[in-house]
Amino acid sequence: MRNIKTISIVLILIIAAWVLLGYKLLDLKEKEDFYGFYVGKEISDHTLMSHKSETVSLSDFKGELLLVNFGYTHCPDICPTTLARLRKVYEEIGKKKDKIDVLFITIDPERDTVKRLNEFIPYFHKDFTGLTGTEEQIKSVSSDFNVQYFREEIKTEKDYLMSHNSSVFLIDKSGKIVLKYPQQMLEAEKVVRDIKKFM
Amino acid sequence: MYKVNILVLVLISSILFACNGSSGVSVDDAWVREVPEGIETTALYMNIRNNNERSDMLLSVKSDIAASAEIHKTSVNKDGISYMEKIETIEIPPSSTIKLEPGGMHVMLIGLKKKIKSGDIVEVITEFRDSGTKQVKAKIRGLDD
């Protein structure tokens, strides 16, 4: 009787180990299949102000996919390049693009007012959403995405520049950051292949 | 008479070649990123070819469409942070091409004086240490160009 009990426990442990191993292998395979870098991080809800002067919370987008990028409108090179690439990605999705939203969150809320974002964002795509907020709100959301930013010591003749993470994040329907793309990796076709796996 | 003509042709060719050799820097594919109205900074990109046997140096860039122009370089550090550095000059090694392109070296045009529209051509003046000033035509490129 005692032997049967021991054998049962050993069997259960073996089965549990196999299930765990199988899950881990599947999980790893899933991660390796993506073009972007797997993140797998839950994010808190954040409420910001859109370029259309509407209050927007990240939780409003639950059930949809999100592409999120951080930048600033006085940025002459990287930010417009990233947004232009995001436009290509968005267009490449085709008919299913209503299932995804693209958010541009400013890291320069002092200059990027709602009015300023409204001049900037629709140029890249009418469906894109620009978001701004208070210094604290921006600090909080960027920290959740592990996005660092700071004012550069070198100023232009007229203004200051910002250093910042220029990666693009893909958030799944549950609100989890699943993939990250450094901006130079934003090849539309490959990114869209990833996106479609989450649709 | 025929021989004289050939000699004249050879002489003219040599003079032209010599002129070209002394100012053998060429600027191609210059373009400016279109920006929406109200946005007053943009970037200018170009390819600079140095055909000389000694290096040259880009000293400055100017354009009537902007209050000022600065040469910058965008780099990404190991933490994925993009940052810009102001560069005073760009060295163009002999027999090589330096590309000013998105995500790398570029000319930041600050204080745009007028709206720039895809397809428009703007005048840009580049100044080189040895090759002097060169007037360049840069095309405004929109998102789908």
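Residues numbered from 1 in each chain as written. Chains lettered and ligands numbered in written order. Predicted model: local features only at pLDDT ≥ 70, side-chain atom pairs only at ≥ 80, totals over all residues. Heavy atoms only, no water.

S.K.: Describe the pairing of strand E4 (residues 65-71) of chain A, naming the residues involved and giving the relevant values.
M.R.: All names here are of chain A. Counting buried positions along E4 gives seven out of seven residues, so the element sits mostly inside the fold. Regarding the hand of the β-α-β motif, the stretch spanning E4, helix H2 (residues 78-93) and strand E5 (residues 100-106) is right-handed. Two elements, E4 and strand E9 (residues 168-171), share four bridges in a ladder whose sense is antiparallel. If you follow Asn69 over to E9, its bridge partner there is Val168. (Buried < 20%, exposed > 50% of the residue type's maximum accessible area, 1.4 Å probe, protein only. Helix = DSSP H or I, 4+ residues; strand = E, 2+ residues; numbered from the N terminus. Right-handed = clockwise from strand over helix to strand, strands pointing away. Pairing = 2+ DSSP bridges.)

S.K.: So what about a positive patch on the surface? Which residues, and what values?
M.R.: Residue and element names in this part refer to chain A. The grouping of Lys96, Lys99, Lys173 and Lys196 at the surface amounts to a positive patch. Assignment of secondary structure puts Lys96 in the loop between H2 and E5. Using a relative accessible area of 42% as the deciding quantity, one classes Lys96 as partly exposed. (Patch = residues over 30% accessible without salt bridge, like charges linked within 9 Å, V, L, I, M, F, W, Y side chains within 5 Å. Areas by Shrake-Rupley, 256 points an atom, 1.4 Å probe, with all protein chains shown as cover. Salt bridge = Lys/Arg side-chain N within 4 Å of Asp/Glu carboxyl O. Lys, Arg positive; Asp, Glu negative; His and termini not counted. Charge placed at Lys NZ, Arg CZ, Asp CG, Glu CD.)

S.K.: Mind laying out the side chain of Thr129 of chain A, listing which residues take part and the relevant values?
M.R.: Here Thr129 of chain A lies in strand E6 (residues 129-132). Not counting residues up to four positions away in its chain, the partners in contact with Thr129 of chain A are Ser50, His51, Val102, Leu103, Phe104 and Ile121 of chain A. (Contact = heavy atoms within 4.5 Å.)

S.K.: Before we move on, could you go through the environment of Val56 of chain A and cite the residues and values that matter?
M.R.: All names here are of chain A. Within the secondary structure, Val56 sits in strand E3 (residues 55-57). The buried category is assigned to Val56, whose relative accessible area is 11%. Each C-alpha atom of the pair Val56 and Thr129 lies 9.6 Å from the other, and the pair is 73 residues apart in sequence. Setting aside its immediate chain neighbours within four residues, Val56 contacts His46, Thr47, Leu48, Ser50, Phe61 and Leu131.

S.K.: Go over the pairing of strand E9 (residues 121-128) of chain B with me, naming the residues and quoting the values.
M.R.: Residues and elements named next belong to chain B. Here E9 shows a buried face lined by Val122, Val124, Thr126 and Phe128 and an unburied face lined by Ile121, Glu123, Ile125 and Glu127. Across five bridges, strand E3 (residues 56-63) lies against E9 in antiparallel orientation. Pairing of Val61 across the sheet is with Thr126, part of E9. Note that E9 and strand E10 (residues 132-141) share eight bridges and pair antiparallel. Paired with Ile121 across the strands is Lys139, a residue of E10. Remark: three residues form the turn of the hairpin made by E9 and E10, two consecutive strands paired antiparallel.

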